[in-house]
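# Notes for the structure review
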Amino acid sequence: MSYSDEDMLMLSGIQHFVFCPRQWALIHLDQQWKENGLTTSGAIMHSHVDDPFYRPSSSHMTVVRRALPICSHRLGLYGIADVVEFIASPNGAFLSIDGNTDCWRIFPVEYKHGEAKESQCDIFQVVAQAMALEEMFHTQITEGALYYGRTRHRIGVSISEDLKRQVSEIASMMHSIYSSGILPKPSATMKNSCKSCSLKDICMPRQSKMVGTYLKEAFE
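Because the structure is a prediction, the values reported are computed rather than measured. (Residues numbered from 1 in each chain as written. Predicted model: local features only at pLDDT ≥ 70, side-chain atom pairs only at ≥ 80, totals over all residues. Heavy atoms only, no water.)

### Some details on helix H4 (residues 121–137)
Condition: The secondary structure listing takes helices from DSSP runs of H or I that are at least 4 residues long and strands from runs of E that are at least 2 residues long, numbered from the N terminus. For a helix, the expected span equals 1.5 Å multiplied by the residue count minus one. Summary of the burial criterion: residues with accessible area below 20% of their type's maximum are buried, those above 50% are exposed, and those between are partly exposed, where the area comes from a 1.4 Å probe applied to protein chains only.
The terminal C-alpha atoms of H4, which comprises 17 residues, lie 25 Å apart, in line with the 24 Å expected from a rise of 1.5 Å per residue. Among the 17 residues of H4, 14 are classified as buried, and the element is accordingly described as predominantly covered.

### Section: the packing of aromatic side chains
Both the distance between ring centres and the angle between the ring planes are used here to describe each pair of aromatic rings. Cut-off, in case you're wondering: Side-chain rings of Phe, Tyr and Trp (the six-membered ring for Trp) are treated as a pair once their centres are within 6.5 Å; stacked means planes under 30 degrees apart, edge-to-face means over 60, and tilted covers the remaining angles.
One pass over the full model with this rule turns up three aromatic pairs. Ring geometry for phenylalanine 17 and tryptophan 24: centres 5.3 Å apart, planes at 80 degrees, overall edge-to-face. The same class applies to phenylalanine 17 and to tryptophan 24, which are both buried. Ring centres of phenylalanine 86 and phenylalanine 137 lie 5.8 Å apart, and the angle between their planes is 80 degrees; on these two criteria the pair is classed as edge-to-face. Of this pair, phenylalanine 86 sits in strand S3 (residues 77–97) while phenylalanine 137 sits in helix H4, and the two are 51 residues apart along the sequence.

### Some words on the confidence of the model for the protein
The following threshold applies: Each residue gets a pLDDT score, which is the predictor's confidence in that residue and runs from 0 to 100. Contacts are assigned to residue pairs that have any heavy atoms within 4.5 Å of one another.
Summary statistics for the protein give a mean pLDDT of 83 and a share of 75% for residues scoring 70 or more. Confidence drops under pLDDT 50 across residues 35–46; counting only partners more than four residues distant or on other chains, this segment forms 21 contacts. Scored below 50 in pLDDT, residues 208–212 shows three contacts in the model against residues more than four places distant or in partner chains.

### As for the pairing of S3
Spelled out, the test is: Here the rule is simple: two strands pair whenever DSSP picks up at least two bridges between them.
Within S3, 15 of the 21 residues are buried, which leaves the element mostly enclosed by the surrounding structure. With two bridges connecting them, strand S1 (residues 9–10) and S3 associate as parallel partners. Note that in S3 the partner of methionine 10 across the bridge is tyrosine 78. Examined bridge by bridge, strand S2 (residues 62–72) and S3 share 10 bridges and lie antiparallel to one another. Looking at S3, one finds that valine 63 is bridged to phenylalanine 86. Adjacent in sequence and paired antiparallel, S2 and S3 are bridged by four residues, among which glycine 76 carries a positive phi angle near 75 degrees. Here S3 runs beside strand S4 (residues 100–112); their pairing, made up of 11 bridges, is antiparallel. The partner of phenylalanine 94 across the bridge, within S4, is cysteine 103.

So, in structure tokens, the structure goes:
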């Protein structure tokens, strides 16, 4: 399946969707957003990373691109990759980078302000970026990385076929919910995570009953 430009969803939303489909839908269906300490610090960090005019020093072996626009019509996702490293390699894609025509291995790096999470939500975002870059440059990407600002540590991500399959399924679910226009119900397993969510006051996870049920109980 190939999605049209009009049907594309934001790739960065995959991290929100894996964390909580309701949070993702509140942002992308209802256009709701609210800052808290975590989102603000993340925005500050990305303001330094996502500068497409900043060109860090590159050698003849590695070229670094920041804020690179990417998209995948197969996934129906588009966005901005924080950092993409083009590393000279005989096994890479034949590309012209900064006027240098060579074989380049493509290595996406996603920046996060906090620290590594137990869930795979950040990993799925890197995998989705890799899949978009594969489609754009007609190559295969087997590795990427996550850089966490709190620990100042880069963690490698192996781009496996199983992870790609999961990302494809997640993207399909995102499109299905977006097309339905129906807000998912709060998850009973998300109560602890809700405390750190900037949308908890909008989401009202404890008020998850249908309006009819709520009114019926209120007047009985």
